[in-house]
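Report on the structure
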Amino acid sequence: MNALTDRLVQRLAEPLPGREAQFRMASSFRAPQGYVPDLSTARIGGVLIALFEDDGVVRTVLMKRPDYDGTHSGQVSFPGGKKELGDADIVATALREAYEEVAMPTMDVEVIGQLTELYIPASNFLVHPVVGILRQVPILKPDTREVESILLPPVAHFFRPEIIGEKSVRVRDDLMIRAPYYDVDGHTVWGATAMLLSELMQVMEDVGFAQKV
């Protein structure tokens, strides 16, 4: 994991794959890549993309939100949320939210960089993805108010073409869209999370990550 971490630190300091990689998993709801949204009123948020090694397998941390009356009801996402006044920066936001939602041990996370920020039109959030390395397998616990379950998929899983598909997804009672997705243990991972995963996979490929599932 040390060698992989060193390569990731170097790669994340270089120009990122950005929206070209993200839009490989963009839904039909998304505007064309050349469109620049008005971010003047966007809410700022941070998510934590945590990577750790478990018995030789590099994994990440996802969580499934419970069903509720809201934009992201039942969706799978990285731990994260809105930047609060008490947060020193977006890294602090991502770490705080990960601790609150899945009891991610903040002191065990080595932040190594960020991926490209991503605007989410449905909730008017500009999300900053923070990448962190855990030096040991975390013992996680979901906050049952915000998290239905925790998923720990191998990163290599997302390189498997058979788990990538496209389907119709209901985003409102009156709106269905077509969206590419990753299948993770029967869960449909789509939208912003899939777009961030797509950029992460490009970065992992760039550093020569070729671990088998």
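Preceding block: the structure.
In what follows, the accompanying structure is described. (Residues numbered from 1 in each chain as written. Predicted model: local features only at pLDDT ≥ 70, side-chain atom pairs only at ≥ 80, totals over all residues. Heavy atoms only, no water.)

Bringing the environment of Ile164 into the picture now. Within the element layout of this structure, Ile164 appears in strand E10 (residues 164-172). Taking C-alpha positions, Ile164 is 5.7 Å from Tyr181, a pair spaced 17 residues apart along the chain. Each residue touching Ile164, except ones within four places of it in the same chain, is listed here: Met25, Phe158, Tyr181 and Tyr182. (Helix = DSSP H or I, 4+ residues; strand = E, 2+ residues; numbered from the N terminus. Contact = heavy atoms within 4.5 Å.)

Time to look at the sheet that holds strand E4 (residues 76-77). Overall, antiparallel pairing links the 3 strands, which are arranged E4-E3-E9 in an open sheet. Either end of the sheet is taken by a strand with one partner, and the two such strands are E4 and strand E9 (149-151). Of the pairings in the sheet, the one linking strand E3 (residues 62-64) to E4 comprises 2 bridges and is antiparallel in character. By the bridge assignment, Met63 is partnered in E4 with Ser77. (Pairing = 2+ DSSP bridges.)

This paragraph deals with the pattern of salt bridges. Evaluated as defined, the whole model comprises 12 salt bridges. With its nearest N and O atoms 3.3 Å apart, the salt bridge here joins Arg65 to Glu101. Of the two residues, Arg65 is situated in the loop between E3 and E4 and Glu101 in helix H3 (residues 90-102); the sequence distance between them amounts to 36 residues. We note that Arg65, like Glu101, is buried. Between Arg96 and Glu97 there is a salt bridge, with the nearest N and O atoms lying 3.2 Å from each other. (Salt bridge = Lys/Arg side-chain N within 4 Å of Asp/Glu carboxyl O. Buried < 20%, exposed > 50% of the residue type's maximum accessible area, 1.4 Å probe, protein only.)

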